[in-house]
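What follows is the residue order along each chain.
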Amino acid sequence: MSTIANYGEVQRALQTDTEQILAQIPVSPVTLSMPMDGAGPRICASVKRDDTSRVPASVNVVLDGNPVEIVVEAVGDYQDFKAL
């Protein structure tokens, strides 16, 4: 049984397990971030507006041998960025 991730675990998962997280989000393109707005530990998945319903409500990773569930918030605000 997995536990719900805290802020530190979300940050660590984004740093070390990005590929594992992206494999569970069947949307491309996607940008992942960790909001610090006081609404709880979670990953923000920025996707194109039409893809928000395809983003799962959570993903699972293993940290230090323990399964952890991370809440995912889908936001339809993805924008392509071009270097100047």
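Please read all numbers here as calculations on a predicted model, not as lab measurements.

1. Regarding the overall build of the protein
Then step 1. Within the protein, the secondary structure is distributed over two helices and five strands.
Then step 2. In the protein, the succession of α and β elements from N to C terminus is β-α-α-β-β-β-β.
Then step 3. Taken against the 2.2 N^0.38 rule, which gives 12 Å for 84 residues, the C-alpha radius of gyration of the protein at 13 Å falls within 12% of a compact globule.
Then step 4. The principal-axis extent of the C-alpha atoms belonging to the protein is close to 40 × 25 × 25 Å.
Then step 5. Relative to its full complement of 84 residues, the protein shows a buried share of 31%.
Then step 6. Intrachain contacts of the protein at a sequence separation of at least 6 include 59% that bridge at least 24 residues.
Then step 7. Total accessible area computed for the protein in this model is approximately 5400 Å², and 51% of it derives from carbon and sulfur atoms.

2. What to know about helix 1 (residues 7-16)
Then step 1. What helix 1 keeps buried is the set Val10, Ala13 and Leu14. The buried residues of helix 1 occupy an angular sector of 100 degrees when projected down its axis, which confines them to one face. Exposed side chains of helix 1 directed beyond 90 degrees from the buried face belong to Gln15 and Thr16.
Then step 2. Residues of helix 1 that are buried sit in contact with helix 2 (18-23), strand 2 (31-33), strand 3 (43-46), strand 4 (58-63) and strand 5 (66-75).

3. Digging into the pairing of strand 4
Then step 1. Residues Val59, Val61 and Leu63 of strand 4 are buried on one face, while the alternating residues Ser58, Asn60 and Val62, pointing to the opposite face, are not.
Then step 2. Across six bridges, strand 4 lies against strand 5 in antiparallel orientation. Its bridge partner being in strand 5, Leu63 is matched across the sheet by Asn66.
Then step 3. Where strand 4 folds back on strand 5, the antiparallel hairpin that results is connected by two residues, among which Asp64 adopts a positive phi of roughly 55 degrees.

Rules of the game
Residues numbered from 1 in each chain as written. Predicted model: local features only at pLDDT ≥ 70, side-chain atom pairs only at ≥ 80, totals over all residues. Heavy atoms only, no water. Helix = DSSP H or I, 4+ residues; strand = E, 2+ residues; numbered from the N terminus. Rg over C-alpha atoms; globule rule 2.2 N^0.38 Å. Buried < 20%, exposed > 50% of the residue type's maximum accessible area, 1.4 Å probe, protein only. Contact = heavy atoms within 4.5 Å. Areas by Shrake-Rupley, 256 points an atom, 1.4 Å probe, with all protein chains shown as cover. Arc of directions from axis to C-beta. Pairing = 2+ DSSP bridges.

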